[in-house]
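So the chains spell out like this:
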Amino acid sequence: MKPITCMIVDDEPLAVRLLESYVEKTPDLKLMASFTDSITAINAVKMQKPDLLFLDIQMPNIDGMELAHSLPEETRVVFTTAFKEYAFESYEVNALDFLLKPIRYNKFLSAVEKARKLYQQPSAPQSQQPNTVFIRIESEWRNVPIDQITYVNGMKDYVMFYLDNDPKPLITHLTMKAVEDMLPKDRFLRIHRSYIIAVDKIQKVDRNDCVYIGKEIIHIPDGYLSAFRQFLETRAIEKR
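Report on the accompanying structure.

1. Some points on the sheet that holds strand β11 (residues 188-192)
Read from one edge of the open sheet, 5 strands run β10-β9-β8-β12-β11, paired in antiparallel fashion. Here the strands that pair on one side only, and so sit at the sheet edges, are β10 (170-173) and β11. Pairs of neighbouring strands in the sheet enclose a mean axial angle of 20°, with direction left out of account. As judged from the 6 bridges shared by strand β8 (residues 149-155) and strand β9 (residues 158-163), these two strands associate in the antiparallel manner. Across the sheet, Met155 pairs through a bridge with Tyr158, a residue of β9.

Following this line, the structure appears as structure tokens:
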């Protein structure tokens, strides 16, 4: 079966290391990333969409309860906290479980088992993904092959679709969020609030965290950098 993907967010490094050790010895559980900073974490979670998020509540900047309200629908939360008074509030965000610190491994396993039942149930075969998207250009609809899209650039309420071997972009009235939801998640990645790129068309990434794609050079801001590096690790071949 497909492993359950997870992330850990806790401002206490010792708490993070404990949960990492639990993940490491738990079958069918794959750690995508750990964070001690909630602002960096929220961008990574939105981009990577793990199945499970082990999330502390009391943290600086954005607390865990606030972060939980902005998670993708695909991600379920297991709260990890030293304060049992938050238990009732956790139901407001449909938390999968609530673990009270110090967290014991048997309690951790119980939460993971709930996730297994949720994510590893047999599902009906899905229909094949479409190969094209319809984009409205002025008064007509253009049927655009997805594999011809190189990258998308957003400007306020308009987006520009840049296609292979076409110097002029297709401009339409859309939001970047709508485009992000429309394009296949396994083929496109948002690396900037204004850019979504076709990952297979990246030419190179330089030492300054700039992505070269088409005729564009895009510098990845800090908020998107951690998730992008996680993506690179899944594709990179390095000398061990």
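Having put the structure on the table, let's press on.
2. Some thoughts on the nonpolar core
The biggest cluster of nonpolar side chains holds 41 residues, and the ones touching the most others in it are Leu55, Phe79 and Ile191. Apart from the residues within four sequence positions on either side, Ile191 is in contact with Met47, Ile197, Val211, Ile218, Ile220, Pro221, Tyr224 and Phe228. Ile8, Tyr22, Phe54 and Leu96 belong to the second-largest nonpolar core, a separate cluster that totals 18 residues.

3. Structural notes on the environment of Cys6
The residue Cys6 is located in strand β1 (residues 4-9) in this model. Along the sequence, Cys6 and Val45 sit 39 residues apart, while their C-alpha atoms lie 9.5 Å from each other. Excluding its chain neighbours within four sequence positions, the residues that come into contact with Cys6 are Val23, Leu29, Lys30, Leu31, Met32, Ala33, Pro50, Leu52 and Phe54.

4. Comments concerning the pairing of β10
Side chains Leu170 and Thr172 of β10 all project onto a buried face; the interleaved residues Ile171 and His173 project onto a face where none is buried. Examined bridge by bridge, β9 and β10 share 4 bridges and lie antiparallel to one another. Its bridge partner lying in β10, Met160 is registered against Ile171. Hairpin connection from β9 to β10: 6 residues lie between these consecutive antiparallel strands, with Asn165 at a positive phi of about 55°.

5. Quick word on the packing of aromatic side chains
Centre distance and the angle of the planes are the two values used to describe a pair of aromatic rings. Scanning the entire structure with this criterion turns up 7 aromatic pairs. With centroids separated by 5.1 Å and ring planes inclined at 50°, the aromatic side chains of Tyr22 and Tyr105 adopt a geometry described as tilted. Of the two residues, Tyr22 is situated in helix α1 (residues 13-24) and Tyr105 in helix α5 (residues 105-119); the sequence distance between them amounts to 83 residues. Since its relative accessible area comes to 9%, Tyr22 is described here as buried. Judged by centre distance (6.2 Å) and plane angle (45°), the ring pair of Tyr151 and Tyr195 falls under tilted. Of this pair, Tyr151 sits in strand β8 while Tyr195 is found in strand β12 (residues 195-198), placing the two residues 44 residues apart along the sequence. Judged on exposure class, the residue Tyr151 and its partner Tyr195 are both buried.

Basis of the calculations
- Residues numbered from 1 in each chain as written.
- Predicted model: local features only at pLDDT ≥ 70, side-chain atom pairs only at ≥ 80, totals over all residues.
- Heavy atoms only, no water.
- Pairing = 2+ DSSP bridges.
- Helix = DSSP H or I, 4+ residues; strand = E, 2+ residues; numbered from the N terminus.
- Axes fitted to C-alpha atoms, helices over the stretch in contact; angles between N-to-C directions.
- Core = buried A, V, L, I, M, F, W, Y, C linked by side-chain atoms within 4.5 Å.
- Buried < 20%, exposed > 50% of the residue type's maximum accessible area, 1.4 Å probe, protein only.
- Contact = heavy atoms within 4.5 Å.
- Phe/Tyr/Trp six-rings, centres within 6.5 Å; stacked < 30°, edge-to-face > 60°.

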